[in-house]
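What follows is each chain in one-letter form.
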Amino acid sequence: MALPAYADRWERIWHWVYLTFCTLVFLFLLLPVLVVVPLSFNAEPYFSFTEGMLTLDPAAYSLRWYRDILQNGMADPTQLFSGWSWIGDAWANSQWIHAAKNSIVIAIGATILSTLLGTVAALGLSQSILPGRRLIMALLISPMIVPIIVTSTSLYFLFSEIGLANTYLGLIVAHAILGTPFVVITVTSTLSGFDRSLIRAGQSLGASPLVVFQRVIMPLILPGILSGALFAFGTSFDEVVAVIFLADYDQRTIPRQMWSGLREQISPTILAVATILVAMSILLLTVVELLRRRSERLRGLTS
Amino acid sequence: MTVTVVTSPDDSRSIKRELTRSLRRRKLQALVLVAPLLLFILFMFIYPIGGMLLRSVYSPDFARAMPATVAAIAEWPGSGTPPEAAWAGVASDMVALQQRNEAGPVAAALNVEMSGARSLVLKTARNAGKLTAPYREAMVTLDPMWNDARIWQAIKRLSSPVTPRFYLAAVDMKVDEAGSIVSQPEDRQIYRSLFLRTLLISGVVTLCCLILGYPVAHLLANLPLRISNILMIFVLLPFWTSLLVRTTAWIVLLQKQGVVNSLLVWSHVLTDETRAELIFNRTGTILAMTHILLPFMILPLYSVMKTVSPVYVKAARSLGANQFVAFTKVYVPQTFAGVAAGCLLVFILAVGYYITPALVGGESGTLISNMIAYHIQKSLNWGLAAALGAILLTAILALYWTFNRLTKIDIIGLG
């Protein structure tokens with residue numbers, strides 16, 4: 001982005017204004033996400049930096065809100081970290097651990113369901129001879145477009161009738177619906193760059209359709225499938241509206257727990273949870289990015 | 001693979017047949033692959049949405065709860081005193097309702113049509129066992145309100161299971177006592193202004209995202225890949241961070257004792273007493289939603305700008321255009337596809353937003369989705385919620401249709 005040598009003074013000024021503006025936007029994007037990290041170590045129950053935190057006084061920082069994640073709901077919170085019995089107590093009773101277990105079970109179930117259905121559908125969608133392809137694609141993508149409140153309330157009425165309300169299966173189905181568009185999009189876009197002559201090459205060398213799928217197609221579209229699966233996982237893990245309508249306390253997930261925390265008694269424990277989630281999203285982002293690069297390399301888009 | 005040599009017209013016909021057959025087989029194969037997800041979406045997504053939308057015009061609950069009344073009142077022309085059969089019907093239905101303990105929903109439904117009807121119904125239901133023929137005298141003695149023709153007109157309106165009243169209510173209109181369609185009184189009009197507010201806030205958010213996102217996408221698209229990949233993290237990290245985490249962050253930043261206010265007090269822009277109201281109002285909603293939706297603007301813009309060749313701008317410059325003219329006349333038009341895709345995407349997402357406005361919107365920053373949730377969970381006026389949802393859905397599908405005409409969904413660059 002270097003300025004050309006013939007740039008005049010106004011162009012130079014404009015160039016710096018432009019760069020400053022972009023820097024500010026980058027900060028606007030990133031700072032709010034990062035601000036929760038230091039605040040989660042606050043020793044006081046405040047949502048602002050204390051004097052001590054600003055002067056980097058070690059006493060102003062603490063892990064109490066992280067301990068609270070475990071303690072909240074425990075039968076005997078005073079026993080935390082003494083002996084071994086607290087582990088069973090926290091595993092069974094801690095509200096946040098209860099929510100985390102639910103989140104993981106539901107997200108994994110939804111991911112498996114949406115990845116299976118989405119990948120198979122994408123294989124069919126990528127064939128241009130499919131009749132009504134545009135319409136089918138629009139239908140399959142629609143859960144991403146329909147407002148979540150409409151989806152959730154509709155499912156609420158259906159699930160109440162067929163007995164899926166307040167069940168894990170119901171939530172898995174709901175989150176799978178929301179996740180499939182991502183899988184369909186990522187896998188079809190991987191397949192659109194797919195060189196079909198590779199399939200013919202495999203067939204002409206005597207491979208059966210199954211072998212061609214396993215040895216030729218699968219390795220090439222695997223990055224697309226995995227990043228679709230990660231999107232589906234992320235969607236489910238972050239979803240709260242459907243959980244509000246379709247779950248009761250037993251199926252409460254982490255975002256649902258945060259939601260009620262924010263609405264009822266807001267405490268810095270939420271910041272500690274948020275920090276852990278930010279760390280998780282950094283991990284998720286890294287994996288998706290690595291997958292994307294691998295996919296581009298495999299498809300020969302970059303060297 | 002076998003090689004067939006065409007020797008006679010007979011053979012060429014059979015090849016044609018073979019080709020048609022193989023084409024049909026491939027079509028079928030593709031359909032079979034798509035079928036499981038298509039059926040899943042049709043039954044678990046499209047079907048329930050249809051069912052909910054049906055609630056916006058079809059409401060048989062009242063007729064089901066008051067069968068005798070509904071049958072008798074069909075005879076009544078709508079003016080004058082209703083026939084004795086209708087009075088008897090109400091009395092017998094009320095006895096049944098009281099026994100099943102189901103007078104509440106009927107009272108609530110009637111109260112929407114005519115204020116004051118709730119207590120009338122509940123009172124009548126409580127005393128229904130004591131009513132004797134002639135029912136007209138007995139009921140008027142119990143509560144003179146039964147003598148008001150309007151309550152009977154309301155019952156008559158409710159007795160038809162197919163009704164436009166939810167859609168009318170959703171646009172602040174109603175059927176009045178005389179049966180004509182009129183606007184709600186000024187002080188009861190909420191939905192039209194709520195729809196307008198939703199559109200306005202979504203529009204402002206979209207505009208903010210465009211203003212903030214366009215330069216950034218331009219920068220990312222023109223930097224060497226090595227650097228832009230690193231800067232892309234700034235865009236993708238918020239994108240991957242939980243919505244609730246980002247909303248929490250904005251509450252932490254903007255609340256009265258929050259980081260921004262403390263910073264302003266510390267730097268003597270504000271005093272402790274004049275801390276600004278930055279959140280739980282419209283400002284908070286717009287700020288937080290802009291932050292949350294900005295990546296959805298930057299990513300499509302970036303993927304379009306990546307494909308814009310720099311030679312056109314260079315050509316324009318060499319033909320004498322200054323930087324401004326070259327940018328606005330040559331560069332910007334080449335990015336219109338990205339602008340359209342980004343704006344439509346952000347707008348579609350913003351119009352249906354629920355979580356962020358509910359948490360940071362306060363009174364003035366809530367959107368139509370929040371009202372739908374309120375009617376589903378609190379007021380239990382499901383028909384009205386369905387009508388509001390149908391209007392929202394129609395608007396969004398129209399936008400999505402435009403989006404589909406203009407571009408492909410791949411443009412978000414998820415792959």
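Described in the following lines is the structure provided in the data block. What you are looking at is a predicted structure, and each value in this text was computed from that prediction instead of being measured.

Section: the overall build of chain A
So, point 1. Check the secondary structure of chain A and you find 13 helices and zero strands.
So, point 2. In sequence order, the secondary structure elements of chain A are arranged as α-α-α-α-α-α-α-α-α-α-α-α-α.
So, point 3. Radius of gyration (C-alpha) of chain A: 25 Å, far over the 19 Å computed for a compact globule of 303 residues.
So, point 4. Viewed in the frame of its principal axes, chain A has a C-alpha envelope of about 70 × 70 × 40 Å.
So, point 5. A sequence separation of at least 24 residues applies to 63% of the contacts in chain A between residues at least 6 apart.
So, point 6. Of the accessible surface of chain A, which amounts to about 14000 Å², a share of 66% is contributed by carbon and sulfur atoms.

Concerning the interface of chain B and chain A
Interface extent is often summarised as the accessible area lost during association of the parts.
So, point 1. With 89 residues of chain B at the interface, the matching set in chain A holds 93 residues.
So, point 2. Summed over both sides, the interface of chain B with chain A buries roughly 8500 Å², with 81% coming from carbon and sulfur.
So, point 3. If you look at where chain B meets chain A, you find one salt bridge.
So, point 4. E11(A) is paired through a salt bridge with R317(B); the nearest N and O atoms lie 3.0 Å apart.

Concerning the pattern of salt bridges
All names here are of chain B.
So, point 1. Counted according to the given criterion, the structure contains six salt bridges over all chains.
So, point 2. We note a salt bridge from K123 to D143, for which the minimum N-O separation is 3.7 Å. Remark: D143 occurs in the loop between α7 (135–142) and α8 (149–159) and K123 occurs in helix α6 (residues 117–127); sequence separation between them is 20 residues.
So, point 3. By relative accessible area, which is 30% here, K123 ends up partly exposed.
So, point 4. For D143, a relative accessible area of 14% puts it in the buried group.

Notes on the state of the cysteines
So, point 1. The tally for this structure, following the rule as stated, stands at zero disulfides over all chains.
So, point 2. Between C208(B), a cysteine without a disulfide, and C209(B), which holds the nearest cysteine sulfur, the sulfur-to-sulfur distance is 7.0 Å.

Regarding empty space enclosed by the protein
Any empty space left between atoms is shown by rolling a water-sized probe over those atoms.
So, point 1. Using the criterion set out here, one finds one cavity of 30 Å³ or more in the structure.
So, point 2. Looking at the largest cavity, it is lined by 40 residues, and the ones nearest its centre are F182(A), T235(A), D238(A), L243(B) and F296(B).
So, point 3. The set of elements that each furnish at least two residues to the lining of the largest cavity consists of α6 (133–145), α8 (168–192), α10 (209–238) and α13 (269–298) of chain A together with α11 (225–240), α12 (243–254), α14 (282–305) and α17 (336–351) of chain B.
So, point 4. The greatest single-element share of the lining of the largest cavity, amounting to six residues, is contributed by α10(A).

Here's the deal with the side chain of Q251(A)
So, point 1. Inspection of the secondary structure assignment puts Q251(A) in the loop between α11 (241–246) and α12 (254–263).
So, point 2. Q251(A) has contacts with N102(A), I106(A), N166(A), T167(A), Y168(A), L171(A) and V243(A), leaving out every residue within four places of it along the chain.

Some words on the environment of E102(B)
So, point 1. Following the sequence through the fold, E102(B) ends up in the loop between α4 (84–100) and α5 (103–113).
So, point 2. Separated by 24 residues in the primary sequence, E102(B) and R126(B) have C-alpha atoms spaced 11 Å apart.

Points about helix α19 (residues 368–377) of chain B
So, point 1. Of all 10 residues that make up α19(B), eight are buried, and the element is covered over most of its length.
So, point 2. Residues of α19(B) that are buried include every one of I368(B), S369(B), N370(B), M371(B), I372(B), A373(B), H375(B) and I376(B), and no others.
So, point 3. Buried residues along α19(B) sit against α7 (148–162) and α11 of chain A together with α10 (191–222), α17, α18 (355–360) and α20 (382–406) of chain B.

A word on the packing of aromatic side chains
So, point 1. Considering all chains together, one arrives at 17 aromatic pairs over all chains under this definition.
So, point 2. Judged by centre distance (5.7 Å) and plane angle (50 degrees), the ring pair of F28(A) and W250(B) falls under tilted. Residue F28(A) is found in helix α1 (residues 9–39), and its partner W250(B) is found in helix α12; the two belong to separate chains. A single burial state applies to F28(A) and to W250(B), both of which are buried.
So, point 3. Ring centres of F239(B) and W240(B) lie 6.4 Å apart, and the angle between their planes is 85 degrees; this geometry places the pair in the edge-to-face category. For the pair shown, F239(B) and W240(B) are each scored as buried.
So, point 4. Each member of the aromatic cluster is reached from another via a ring pair, and the members are F182(A), F231(A), F239(B), W240(B) and F296(B).
So, point 5. Sitting over the ring of W91(A), K101(A) keeps its end group 4.4 Å from the ring centre.

Concerning the environment of K174(B)
Residues and elements named next belong to chain B.
So, point 1. Note that K174 resides in strand β1 (residues 173–175).
So, point 2. For K174, a relative accessible area of 31% corresponds to the partly exposed category.
So, point 3. For K174 and Q184, which are 10 residues apart along the polypeptide, the C-alpha to C-alpha distance reads 6.3 Å.
So, point 4. Apart from residues lying up to four places away in sequence, K174 is in contact with L168, S180, I181, V182, Q184 and P185.

Each value, and the rule that gives it
- Residues numbered from 1 in each chain as written.
- Chains lettered and ligands numbered in written order.
- Predicted model: local features only at pLDDT ≥ 70, side-chain atom pairs only at ≥ 80, totals over all residues.
- Heavy atoms only, no water.
- Helix = DSSP H or I, 4+ residues; strand = E, 2+ residues; numbered from the N terminus.
- Rg over C-alpha atoms; globule rule 2.2 N^0.38 Å.
- Contact = heavy atoms within 4.5 Å.
- Areas by Shrake-Rupley, 256 points an atom, 1.4 Å probe, with all protein chains shown as cover.
- Buried area = accessible area lost by both parts, 1.4 Å probe.
- Salt bridge = Lys/Arg side-chain N within 4 Å of Asp/Glu carboxyl O.
- Buried < 20%, exposed > 50% of the residue type's maximum accessible area, 1.4 Å probe, protein only.
- Disulfide = S-S within 2.5 Å.
- 1 Å grid on protein atoms, 1.4 Å probe; cavity = no way out; pocket = protein on both sides within 12 Å on 5 of 7 lines; lining within 4 Å.
- Points joined across faces, edges and corners; volume = space filled by probe spheres on them.
- Phe/Tyr/Trp six-rings, centres within 6.5 Å; stacked < 30°, edge-to-face > 60°.
- Lys NZ or Arg CZ within 6 Å of the ring centre and 35° of its normal.

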